[in-house]
Amino acid sequence: MSNVLIVGGDGFCGWPLSLRLSMKGYNVIIVDNLSRRKIDVDLGYTSLTPIVSIQERLNTWKDVTNKTISFYLLDVSKEYERLVSVIRENKINTIIHLGEQRAAPYSMKTRTTSRYTVDNNLSGTHNILSAIVEVDCSIHMIHLGTMGVYGYGVVENSIIPEGYVNVKMDDGAGNYKDTTILHPSYPGSIYHLTKTQDALFFQFYAKNWNIKITDLHQGIIWGMNTRETLLDERLINRFDYDSDYGTVLNRFIMQAASKLPLTVYGTGEQTRAFIHIENSMDCVELAMQNPGKEPNKVEIFNQVTETHTLNTLAELIQNTFNDVVINYIDNPRKEMKSNQLMVSNKKFKNLGLNSILLDEVAIKEIYNFIIKYNSNIKINNIMPSSKW
């Protein structure tokens with residue numbers, strides 16, 4: 001049985017992934033400092049869905065499936081020696097790193113939140129890599145990154161490759177030699193900046209210690225449930241709709257369900273990449289089963305299935321529910337007014353990923369899900385509160 005450490009296993013991606021891998025027979029160990037719950041308290045936000053304690057979550061999973069998931073309350077950015085002990089004592093084969101502060105708006109909210117994002121994300125990533133070197137360099141590390149490291153439409157009329165670009169370098173004598181480099185980084189927030197720094201950590205550790213590292217550049221996740229979170233109400237996943245942690249799709253459908261105008265930032269011509277939460281789980285499992293074969297090189301996947309402009313999303317919701325009004329407001333973010341986003345995702349397709357795509361049926365499903373919990377909605381949390 002493979003022993004898998006999931007850093008950030010209480011979070012939005014980490015919790016359903018922990019259940020998925022446990023159900024598949026992996027021995028799952030969660031490490032989490034529960035900071036996401038604390039951030040909710042600090043900001044006065046709550047998930048639309050009722051989230052029970054991590055202890056109740058794990059006890060429920062045991063009751064429902066007779067499977068055990070271990071949990072350590074541990075901050076990987078600060079408790080290095082404990083992290084090393086957990087990895088060594090549990091004979092970890094794979095580490096899935098989801099333990100980073102994941103919201104761009106939150107990272108830009110105040111100097112405190114931006115410094116926390118850098119300290120938490122970069123120290124956490126480096127401590128995990130260092131612990132692998134100290135314990136066992138054969139451990140496979142999988143990191144959940146973001147499509148935002150590429151920037152959005154910085155090079156017009158081009159397809160974003162999976163991590164690397166082929167370039168020609170001038171040797172000074174007028175001769176050009178072919179080589180491959182990491183795709184240039186164009187971060188749009190402090191959060192995205194930490195992800196670009198992660199990439200340099202990975203490149204360095206793969207080159208110097210031959211660690212197997214997989215970096216997943218993921219799009220925006222949509223959808224509420226996975227097969228496992230549906231087994232019991234107490235296993236339900238987070239559903240964030242606030243202006244800092246809520247995704248644009250969640251926010252739009254929340255506004256439609258609350259009979260509020262959809263608030264489109266700027267022109268609405270900004271394009272974003274998306275992936276259903278079930279497909280996100282599928283991709284991580286595929287990445288576990290298919291570590292990179294090229295020594296000293298980080299394996300990079302684009303974890304996306306489709307792209308949409310903000311206007312396209314708003315119009316899809318408006319076409320689904322005829323009484324929806326669309327309002328355009330000043331963009332709180334510094335970004336291009338309009339961008340293309342053509343993305344290669346051949347690697348996961350070639351491994352057999354079956355894409356779940358957004359349509360009116362899916363929109364209605366999310367809408368009905370929101371209506372079920374509408375008594376938990378806090379309307380004042382929807383409008384943007386972080387600007388840069």
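The rules behind the values
- Residues numbered from 1 in each chain as written.
- Predicted model: local features only at pLDDT ≥ 70, side-chain atom pairs only at ≥ 80, totals over all residues.
- Heavy atoms only, no water.
- Buried < 20%, exposed > 50% of the residue type's maximum accessible area, 1.4 Å probe, protein only.
- Helix = DSSP H or I, 4+ residues; strand = E, 2+ residues; numbered from the N terminus.
- Contact = heavy atoms within 4.5 Å.
- Salt bridge = Lys/Arg side-chain N within 4 Å of Asp/Glu carboxyl O.
- Pairing = 2+ DSSP bridges.
- Right-handed = clockwise from strand over helix to strand, strands pointing away.
- Phe/Tyr/Trp six-rings, centres within 6.5 Å; stacked < 30°, edge-to-face > 60°.
- Lys NZ or Arg CZ within 6 Å of the ring centre and 35° of its normal.

### So, helix α1 (residues 14–23)
In step 1: Counted residue by residue, α1 has nine buried out of 10 residues, so it is predominantly covered.
In step 2: Those residues of α1 that fall on the buried side of the exposure criterion are G14, W15, P16, L17, S18, L19, R20, L21 and S22.
In step 3: With its phi angle positive at about 105°, G25 sits one or two positions after the end of α1.

### Describing the environment of V304
In step 1: Its location among the elements puts V304 in the loop between β13 (299–303) and β14 (306–309).
In step 2: Separated by 90 residues in the primary sequence, V304 and T214 place their C-alpha atoms 15 Å from one another.
In step 3: With sequence-adjacent residues up to four places away left out, V304 is seen in contact with M147, H217, Q218, G219, A273, F274, I275, V343 and N345.

### A word on the pattern of salt bridges
In step 1: Enumeration over the complete set of coordinates arrives at 23 salt bridges.
In step 2: Close ionic contact of R20 with E278 constitutes a salt bridge, the shortest N to O distance being 2.5 Å. Here R20 is found in helix α1, whereas its partner E278 is found in helix α9 (residues 277–289), with 258 residues between them in sequence.
In step 3: Note on E278: relative accessible area 10%, which makes it buried.
In step 4: Taking the shortest distance from any N to any O, the salt bridge between K372 and E233 comes out at 3.9 Å. With K372 in helix α12 (residues 360–372) and E233 in the loop between β10 (220–222) and α8 (248–257), this residue pair connects regions lying 139 residues apart in the sequence.
In step 5: When salt bridges that share partners are traced, they join R20, R227, E228, E278 and D282 into one network.

### Remarks on the pairing of strand β1 (residues 3–7)
Strand residues, when the strand is regular, have side chains that alternate between the two faces of the sheet.
In step 1: With five of its five residues buried, β1 lies for the most part within the structure.
In step 2: Of the two faces of β1, the one holding N3, L5 and V7 and the one holding V4 and I6 are both buried throughout.
In step 3: Looking at chain direction, β1 and strand β2 (residues 27–32) are connected through five bridges and run parallel. Paired with L5 across the two strands is I29, which belongs to β2.
In step 4: A crossover connection joins β1 to the parallel β2 through α1; in handedness this β-α-β unit is right-handed.
In step 5: Here β1 pairs with strand β4 (residues 94–97) via four bridges, running parallel. Across the sheet, the residue bridging to I6 is I96, located in β4.

### Here's the deal with the packing of aromatic side chains
In step 1: Going through the model one piece at a time under the given rule, you end up with eight aromatic pairs.
In step 2: Centroid distance F204 to W209: 6.0 Å. Interplanar angle 70°. Geometry classified as edge-to-face.
In step 3: Among the aromatic residues, ring-to-ring pairing joins F204, Y205 and W209 into one connected group.
In step 4: A cation sits over an aromatic face here: R36 above Y245, 3.6 Å from the ring centre.
In step 5: The residue whose ring lies beneath K297 is Y164, and the NZ or CZ to ring-centre distance is 4.3 Å.

The values reported here are purely geometric and, on their own, carry no functional implication.
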